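Observations on chain architecture
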Amino acid sequence: MSAAKDLLARSGQTGKFMSGFVLVLIGGAIVFISGLLIGRASSALYALSSSLGVAIGLGGFVYLCVAIRCPDCGAKWIWLMASKRRGDPLHWGWQNAACPVCGYAG
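To keep things clear, this report deals only with the structure shown in the data block. Residue positions within a chain follow its written sequence, with the count starting from 1. In keeping with the model being predicted, local features are shown solely for residues with a pLDDT of at least 70 and side-chain atom pairs are shown and tallied solely at 80 or more, while totals for entire chains, interfaces and linings include all residues. Note: side-chain values were computed over all heavy atoms of the structure, leaving out hydrogens and water.

**Quick word on the environment of W79**
Just so we agree on the cut-off: Helix numbering and strand numbering both begin at the N terminus, where a helix is a DSSP run of H or I of at least 4 residues and a strand a DSSP run of E of at least 2. Burial here depends on accessible area, computed with a 1.4 Å probe over protein chains only, as a share of the maximum for the residue type. Under 20% is buried, over 50% is exposed, and the range in between is partly exposed.
For W79, the position within the fold is in helix 4 (residues 77-83). Residue class for W79 comes out partly exposed when judged on its relative accessible area of 45%. The sequence separation of W79 and V31 amounts to 48 residues, and the corresponding C-alpha distance is 24 Å.

Listed below in structure tokens is the structure:
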């Protein structure tokens, strides 16, 4: 297991992470399946299924960015991973065993 997964487990956020990750996967699967059916389905059904898949996947990503937080300082860890470059001291990555903002390590 990576250091960040251990940190998520110690802070009690594994369930939140898995829920958001599953939503992203479901959204991606719906978009993929609708792409396979593009020639067979009507354009309205294709547009609806593709839009639904994107909405579910994006909703899962937004949930991850907002819900996974440091218990001490409230820093949004997934958002720090998505918005900061690797060289930035505030970047949170899978190798981090502590919060980059306050140093919380569970």
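After presenting the structure, the write-up continues.
**Quick look at helix 1 (residues 3-10)**
A turn of α-helix holds 3.6 residues, and therefore any two residues three or four places apart point the same way. Using the following cut-off: Think of the arc as the fan of directions from the helix axis to the C-beta atoms. The contact rule is simple, with two residues in contact once any of their heavy atoms fall within 4.5 Å.
Every buried residue of helix 1 is listed here: A4, L7 and L8. All buried residues of helix 1 fall inside an arc of 100° around its axis, so they share one side. Of the surrounding elements, those touching the buried residues of helix 1 are helix 2 (14-36) and helix 4.

**A look at helix 3 (residues 43-67)**
Spelled out, the test is: Take the residue count of a helix, subtract one, and multiply by 1.5 Å to get its expected span.
Across its 25 residues, helix 3 extends 35 Å between first and last C-alpha, which sits within 8% of the 36 Å expected from 1.5 Å per residue. Listing the buried residues of helix 3 in full gives S49, S50, G53, G57, G60, L64, C65 and A67. Residues of helix 3 that are buried sit in contact with helix 2 and helix 4.

**Brief notes about the packing of helix 2 against helix 3**
Quick note on the threshold: Orientation is described by lines fitted to C-alpha atoms, with helices fitted over the stretch in contact, and by angles between N-to-C directions that extend from 0 to 180 degrees. Roughly parallel means an angle under 35 degrees; roughly antiparallel, over 145; roughly perpendicular, 65 to 115; everything else is oblique. The crossing is said to be left-handed when, going from far helix to near helix, the turn is anticlockwise and less than a right angle, and right-handed when the turn is clockwise. Classes in brief: Ala, Val, Leu, Ile, Met, Phe, Trp, Tyr, Cys and Pro nonpolar; Asp, Glu, Lys and Arg charged; the others, Gly included, polar.
With their axes 8 Å apart at the nearest point, helix 2 and helix 3 run at an angle of 160° to one another. Between helix 2 and helix 3, the crossing angle belongs to the class labelled roughly antiparallel. The two elements helix 2 and helix 3 cross, and the hand of that crossing is left-handed. Looking at the contact of helix 2 with helix 3, its residues break down into 14 nonpolar, ten polar and one charged.

**Focus on the nonpolar core**
We count it as follows: The set of buried Ala, Val, Leu, Ile, Met, Phe, Trp, Tyr and Cys residues whose side-chain atoms join them within 4.5 Å is what this entry labels a nonpolar core.
Formed by 15 residues in total, the largest nonpolar core has its most connected members in I68, W77, I78 and W92. At the level of secondary structure, the elements contributing two or more residues to this core comprise helix 1, helix 3 and helix 4. Not counting residues up to four positions away in its chain, the partners in contact with W92 are A4, L7, L8, W77, I78, L80, M81, A98 and P100.

Everything listed here is a matter of geometry and, on its own, says nothing about what the molecule does.
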